[in-house]
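Secondary and tertiary structure notes
The lines below spell out each chain.
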Amino acid sequence: MNTLLLALLVMVALALLLGAVLGYASIRFKVDADPLVDKIDDILPQTQCGQCGHPGCRPYAQALASGEEDINKCPPGGEDGIHKLAELLGVDFKPFDAGAAQPKPKAVALIDEATCIGCTLCIQACPVDAILGSAKQMHTIIASECTGCELCLAPCPVDCIRMIPQGTDLTNWKWRYPTIPIKAVKP
Amino acid sequence: MSRHATHIAQPVTVSRVMLKVLAALLPGIAVSVYCFGPGVLVQLLLATFTALGAEAAVLRLRQRPIAPALADLSAVVTAWLLALSMPPLGAWWMIVLATLFAIVLGKQLYGGLGNNPFNPAMVGFAVMIVSFPAQMAAWGTPLAALDATAQLQWIFTHTLPAGSSVDAISSATPLDVLKTGLLQGGQAVSQLLQQPRFGQWGNAGGEWVALAWALGGLWLWQQKLIPWRTPLAMLAGVLAVSLPLWLWQPAQYASPLFHLLNGATLLAAGFIVTDPVSGSTTPLGRLIFGFLVGVLVVVIRVFGGFPDAVAFAVLIMNMAVPFIDHTTQPRVFGRKGGRHA
Amino acid sequence: MSRLYDFHGGIHPPQHKDAATAWPIQPLPLPPQLYIALAQSVGNAARPTVSVGQQVLKGQQLAQLDGRLSAAVHAPTSGTITAIGPHPFAHPSGLPVETITLQPDGLDSWQPRSPLAWQDASPAQLRSHLQDMGVVGLGGAVFPTHLKLAASPLATLVVNGAECEPFISCDDMLMRERAAGIVDGIRIAAHALQAGQVLIGIEDNKPQAIAAMQAACAGTPYRVVTIPTKYPSGGAKQLIRILTGIEVPHGTRATDLGVQCLNVGTLYAMARAVLHGEPLLSRIVTVTGAVAHAANYEVAIGTPLAWLLQQAGIADTQAEVIMGGPMMGITLPDLHAGLPKAGNCLIAKSAALFPPRPPEQACIRCGDCASVCPAQLQPMDLFWFAKSRNFGKAQERHLFDCIECGACSYVCPSQIPLVDYYRFAKSEIWAAERDKKNASLARQRHAFRQFRIERDKSEKAARLAARAAEQAAKLATQAANPAAASAAPAASGMDDAKKAAIAAALARAAAQKEAKPLSEQHTSGLDDAKQAAIQAAMARAAARKAAADAAKAADAANPDSPPAATPAQTGMDDAKRAAVEAAMARATARKAAAQAQKDASE
């Protein structure tokens, strides 16, 4: 009987002690922001284009973190991005929906400066403040800061903004994965 | 012509490396055949064909090109090492089974050459010695007068021509005799070694085989195909445990020389711990890997349940290789300290 | 004799240098065209300063530097600029780069040359002179030389005459024939760097070059050091290690450790630039391999490589050609490219000299690569990580310390093209870092924008709230003092304000009245153009939209939709047009006001 009581006592004491430690830890080491959102946000391409239906990349990251959204809603991130999200969130890869926007090569916007009337509508639309200009002054786009989100195209009253695809040049050319020739051609 | 970053290369291939390893085994094979009879050759042939067949079958299942993988001869090396570790007069199904385990389980299931964490030959050997300890201990008596026909008959049908003694084909190995003798107690090592089973240094005939392995290993080292670190470290490991024990109680423990020349010690030093795929690759790592294999060999022989221990020692250390390699990264040019600066 | 240090690993590939060193340096006639790429050095491409059709003199600047990490480009001979635009370039990508095409006039007439009195010149003057002369490292890296002369005083200047790659012999021949010029360059560099000692490292397979350099160095404190032949002892880091024992880690500048390394070709070019005022217009190129006249040629920068190979008697015009050595050189994708400053050697491949590499086999972790790696890396692990695209791990194992010397690839028994994998991994990592940087910039800018919008909103709200409060207070006071007596001062106060406002409005109106005729006079031309442009743009936009509408209408199977869409569309168009017109009107008025103000101030 005594042993039983002792065991019970020890167990209860342990439970109380561990509970207290856990409770203290949860307060002492509380993580304010959801680190998952940051991790997702790191994967997203930060074009802030809204093609996912959210006003920017972070809101989409939050929606993903809370499991409200699918991982295949970010065309600028490409399939590579979906793979990374799938790996991070522990879900299966999911291709882009057939009807939805598909990834396209990276492009930056260019204002035809002769046509621009200086209406500032594009400046207001740009999510990353990459357009320079003021009312009734011709506007221009800082190409290095343009994310290619295309949000400036729609508001332009004179359709003077075009997307210029970014080709390969010596600065961004990449060595390819070494391929094994299937069969050496005999000369 | 393919466009590679480096336009010239030494005309070496894996096949050639493996061929040289096979060549280095020849002296040992010759002595083995002299001591144990043509049964050794039968084992080698059985193992070779089984290995090639198994490799081809798995590659076919995996839908990988078969010819280049067979041509690299790595399966043959595995087969030979395994055949030379098995009893020369073991039944045919034993070597076939062992080779199947080695190639399929030990090598191809991990992804083929280069991807196997364990030495395939030792995987096959370990499976057999755990599953069939009695059969695996039945080595033929060296220099026994058993002709080729009789050996073949025994290997394939497990019967003997009239008038032959079963002793000729199933006597225990010296390591076995020693182990059993010591377990039964009452006899000192020196007394046990008086038995005719033991030769001048420990293993009648077998000691010459062991020296032939060492010769092959030295040639491989001279050909720069194996590093000196791993084999030397392994022998140092064997000495490091056996020597103090022997000095402490010579009656209880066999001499270091006995450990060196018996069992698979020298075969392992030249051909098994030097398997690059499953061994350590850093300079310091090779020393640690080899040394600990050597230590484990003697520890398991002396204190463990199995008479020989090379397979277990190697497999255990194979498991430790990723950790050893990770912690013994050499110092990179211009950087301070080793590991991950 | 100073002590030599060894570096880890290294290989001894067959040399193949004799074919080209049998002859003295060969002069070449001028080619029919010169293609001078603007990207001749590490860093930014130069910006052209000439225009198509312009006559230029030999040595005249064709393009100026763009930023610090850049080098100027000059006309290798006199002639006419016939084109400026994309042209094939000697780069593994095969991408064209901006190139100036020069048609030589055959006169080869120099522009006036201005040597620099280097003994009296400050280091800064010397650097800017070298920068203007377009001198870059000729060992292959084409790093702008002026940037390498920035640290002084310096303990040791290492002169690189090792030339360890097989086939290449341009430095060897330069040292044999023009040792005095090289020593002049050493003198200038040592002066600029205030070098404590100068060590000239030459591999022992070049006895004639060693003898020539020793003779030229007689009476100087510069020491010619014979080093054992071993690839890659000519790598700057390896040579510094051999001669001084100092190991320069990745990401550290050699000068921080008191050493600098300059190639003999660079020093010779430096001497020409300083003592004779000659920009870098030509270089020595080893042309060898499957050619009839393997030799070292003195070749003008921009010489078409195909033409150069023809002069050397290339046997098979379809043969692949390597620029650089067989260990680190690149396979040229297009021989129409002009010779770049980096082009030290051209090797025409033949099946005999370059047998095709056997197919790649599985890595057996034999460790041969690790034993020859001069950076003391574990190439088999890097290969494993690169192949599985585990780039983080590859970086952790110091992938970027790899100098891509190819020793690992050379010894690999599995015939794995290891360097290909490292280059792939490196460029993937660079690309990922670029993307990451862009993303984080975009994130920051987006966050700031959100913050700015919020701030503006809250400031506006605060302003409105303050005004409302003021109004309320005023009303309250008024309500509190219903007596008319107290209304008078308030009214007078209000009157004052009103009066001032009216006066201001009147003044503005007067100013406008005055300004109008003036502004109309001055800006009508501009406005017309602008208006025309806007109208044109609008017309274009309207046309596009109409076309889109038409297409939409045609597409729509539903008969209800076109009538529904059209009015909406027109409505939108109308609104837009009105908005644009309003915007235009506003712009005109503002411009007029601005003009008036300007005129008034004048």
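Residues numbered from 1 in each chain as written. Chains lettered and ligands numbered in written order. Predicted model: local features only at pLDDT ≥ 70, side-chain atom pairs only at ≥ 80, totals over all residues. Heavy atoms only, no water.

The next point concerns the overall build of chain C. Summing up its helical and strand segments, chain C has 15 helices and 17 strands in all. Put simply, chain C has 602 residues, and 49% of those count as buried. Taking contacts inside chain C between residues at least 6 apart in sequence as the whole, the part at least 24 apart equals 73%. Of the roughly 27400 Å² that chain C leaves accessible, carbon and sulfur atoms contribute 58%. (Helix = DSSP H or I, 4+ residues; strand = E, 2+ residues; numbered from the N terminus. Buried < 20%, exposed > 50% of the residue type's maximum accessible area, 1.4 Å probe, protein only. Contact = heavy atoms within 4.5 Å. Areas by Shrake-Rupley, 256 points an atom, 1.4 Å probe, with all protein chains shown as cover.)

Facing 54 residues of chain C, the contacting portion of chain B comprises 40 residues. When the two sides are added together, the surface that chain C and chain B hide from each other amounts to roughly 4100 Å², 53% of it contributed by carbon and sulfur. Among the residues chain C hides against chain B, the three largest losses belong to I364(C), R365(C) and Y410(C). Together they make up 17% of the total. The interface formed by chain C and chain B includes three salt bridges. Residue D401(C) pairs with R335(B) through a salt bridge whose shortest N-O separation is 2.7 Å. Taken together, the links from chain C to chain B amount to 19 residue pairs in polar contact (both at pLDDT 80 or more). Secondary structure elements with two or more residues in the side of chain C that touches chain B: helix 6 (236–244), strand 16 (330–331), helix 10 (379–387), helix 12 (407–411) and helix 13 (418–480) of chain C. The residue inventory of the side of chain C that touches chain B, partitioned by class, reads 27 nonpolar, 14 polar and 13 charged. (Buried area = accessible area lost by both parts, 1.4 Å probe. Salt bridge = Lys/Arg side-chain N within 4 Å of Asp/Glu carboxyl O. Polar contact = N/O pair within 3.5 Å; in protein donor to acceptor, adjacent residues only side chain to side chain. Nonpolar A, V, L, I, M, F, W, Y, C, P; charged D, E, K, R; others polar.)

Let us look at the side chain of S85(B). Structurally, the position occupied by S85(B) is in helix 4 (residues 74–85). From its side chain, S85(B) meets the backbone oxygen of L81(B) in a polar contact 2.6 Å long.

All right, on to a nonpolar patch on the surface then. All names here are of chain B. Residues L218, W221, W228, L232, L284, L287, I288, F291 and L292 make up a contiguous nonpolar surface patch of roughly 820 Å² in combined accessible area. With five residues, helix 16 (residues 283–303) is the largest single contributor of residues to the nonpolar patch. By secondary structure assignment, the location of I288 is in helix 16. The partly exposed category is assigned to I288, whose relative accessible area is 30%. (Patch = residues over 30% accessible without salt bridge, like charges linked within 9 Å, V, L, I, M, F, W, Y side chains within 5 Å.)

With that settled, the discussion passes to the sheet that holds strand 5 (residues 61–64) of chain C. Residues and elements named next belong to chain C. Strands sit in the order 3-5-6 across an open sheet of three strands; the sheet is antiparallel. Every other strand in the sheet has two partners, leaving strand 3 (47–48) and strand 6 (73–74) as the edge strands with one partner each. Inspection of the sheet shows strand 5 paired to strand 6 by two bridges, in the antiparallel sense. Residue pairing across strands places Q61 opposite H74, the latter belonging to strand 6. (Pairing = 2+ DSSP bridges.)

With that settled, consider the packing of helix 5 (residues 92–107) of chain B against helix 6 (residues 120–131) of chain B. Residue and element names in this part refer to chain B. Running from N to C, helix 5 and helix 6 point in directions that differ by 130°, and their axes come no closer than 7 Å. Taken together, the axes of helix 5 and helix 6 lie oblique to each other. Considering the relative orientation of helix 5 and helix 6, their crossing is right-handed. Contacts from M94, L97, A98, F101, A102, L105, G106 and K107 in helix 5 reach P120, A121, V123, G124, V127 and M128 in helix 6. (Axes fitted to C-alpha atoms, helices over the stretch in contact; angles between N-to-C directions. Parallel < 35°, antiparallel > 145°, perpendicular 65-115°, else oblique. Left-handed = near helix turned anticlockwise from the far one by under 90°.)

Domains assigned within chain A are domain 1 (48–95) and domain 2 (107–165). Computed from C-alpha coordinates alone, the two centres of domain 1 of chain A and domain 2 of chain A are separated by 26 Å. (Domains from an automatic or database assignment.)

Now for the environment of K437(C). All names here are of chain C. With respect to the helices and strands, the residue K437 is situated in helix 13. Given a relative accessible area of 65%, K437 falls into the exposed group. Separated by 61 residues in sequence, K437 and Q376 place their C-alpha atoms 31 Å apart.

Once that is clear, we can look at the nonpolar core. Residues and elements named next belong to chain B. Judged by nonpolar contacts, the single largest core of 78 residues is most densely connected at L25, M86, F271 and V293. The residue makeup of this core includes at least three contributed by each of domain 1 (13–171) and domain 2 (172–328). Setting aside its immediate chain neighbours within four residues, V293 contacts M234, V273, A313, V314 and M317. (Core = buried A, V, L, I, M, F, W, Y, C linked by side-chain atoms within 4.5 Å.)

For the rest of this paragraph, the subject is the pattern of salt bridges. Here the structure, examined in full by the defined rule, presents 35 salt bridges over all chains. Here D256(C) makes a salt bridge to R253(C), at a shortest N to O gap of 3.8 Å. Side by side, D256(C) and R253(C) carry an identical accessibility label, which is exposed. In this structure, E454(C) and K457(C) form a salt bridge, with 3.8 Å as the shortest nitrogen-oxygen distance. With E454(C) and K457(C) both in helix 13, this residue pair falls three residues apart, about one helical turn. For E454(C), a relative accessible area of 47% translates into the label partly exposed. Shared partners join several salt bridges into a network, and the residues in it are D38(A), D41(A), D42(A), R58(A) and R443(C).

So, about the sheet that holds strand 7 (residues 79–87) of chain C. Residues and elements named next belong to chain C. With antiparallel pairing, four strands are arranged side by side in an open sheet as 2-8-7-4. Unpaired on one side and paired on the other, strand 2 (34–37) and strand 4 (55–56) mark the two borders of the sheet. Pairing of strand 2 with strand 8 (residues 97–104) involves four bridges; the strand directions are antiparallel. Directly across from Y35, in strand 8, lies its bridge partner T101.

This next bit is on the domain arrangement of chain C. All names here are of chain C. With domains assigned, chain C is organised as domain 1 (18–104 + 123–348), domain 2 (366–463) and domain 3 (524–542 + 571–595). Each of domain 1 and domain 2 was reduced to a C-alpha centroid, and the two centroids are 30 Å apart. The interface of domain 1 with domain 2 comprises seven residues on the first partner and eleven residues on the second. Carbon and sulfur atoms make up 59% of the area that domain 1 and domain 2 hide from each other, which totals about 750 Å². Three residues stand out in domain 1 for area buried against domain 2, namely H250, M327 and M328, and they jointly supply 55% of the buried area on that side. Summed over the shared surface of domain 1 and domain 2, the result is zero salt bridges. Between domain 1 and domain 2 we count two residue pairs in polar contact (both at pLDDT 80 or more) in total. Here the side of domain 1 that touches domain 2 is built from residues that sort into four nonpolar, two polar and one charged.

Along the chain, Q450(C) turns up in helix 13. Each C-alpha atom of the pair Q450(C) and L30(C) lies 62 Å from the other, and the pair is 420 residues apart in sequence.

We now examine the confidence of the model for chain C. Residue and element names in this part refer to chain C. For chain C, mean pLDDT is 84; residues scoring 70 or higher make up 80% of the total. Considering each helix and strand of chain C separately, the mean pLDDT is smallest for helix 15 (residues 561–601), with a value of 54, and largest for helix 12, with 95. For residues 484–491, every residue scores under 50 in pLDDT, and the model assigns this stretch one contact once sequence neighbours within four places are set aside. Across residues 514–527 the pLDDT falls below 50, and counting only partners more than four positions away or on other chains, this stretch makes eleven contacts in the model. (pLDDT = per-residue confidence, 0-100.)

All names here are of chain A. In this model, chain A carries an average pLDDT of 85, and 94% of its residues clear a pLDDT of 70 or more. At the level of individual helices and strands, chain A shows its lowest average pLDDT in helix 2 (residues 35–43), which scores 86, and its highest in helix 1 (residues 2–28), which scores 93. Ignoring residues within four places in sequence, the model shows residues 182–187, a span with pLDDT below 50, making zero contacts including any to other chains.

Our focus in this paragraph is unusual backbone geometry. Here the bond from Y231(C) into P232(C) is cis, since omega is 0°, no more than 30 degrees from zero. On the secondary structure map, P232(C) appears in the loop between strand 11 (223–227) and helix 6. Backbone geometry places T120(A), a non-glycine residue, at a positive phi of 70°. Within the fold, T120(A) resides in the loop between strand 1 (107–111) and helix 5 (121–125). Using a relative accessible area of 16% as the deciding quantity, one classes T120(A) as buried. Although it is not a glycine, D108(C) sits at a positive phi angle of roughly 55°. Position of D108(C) among the secondary structure elements: in the loop between strand 8 and helix 2 (123–132).

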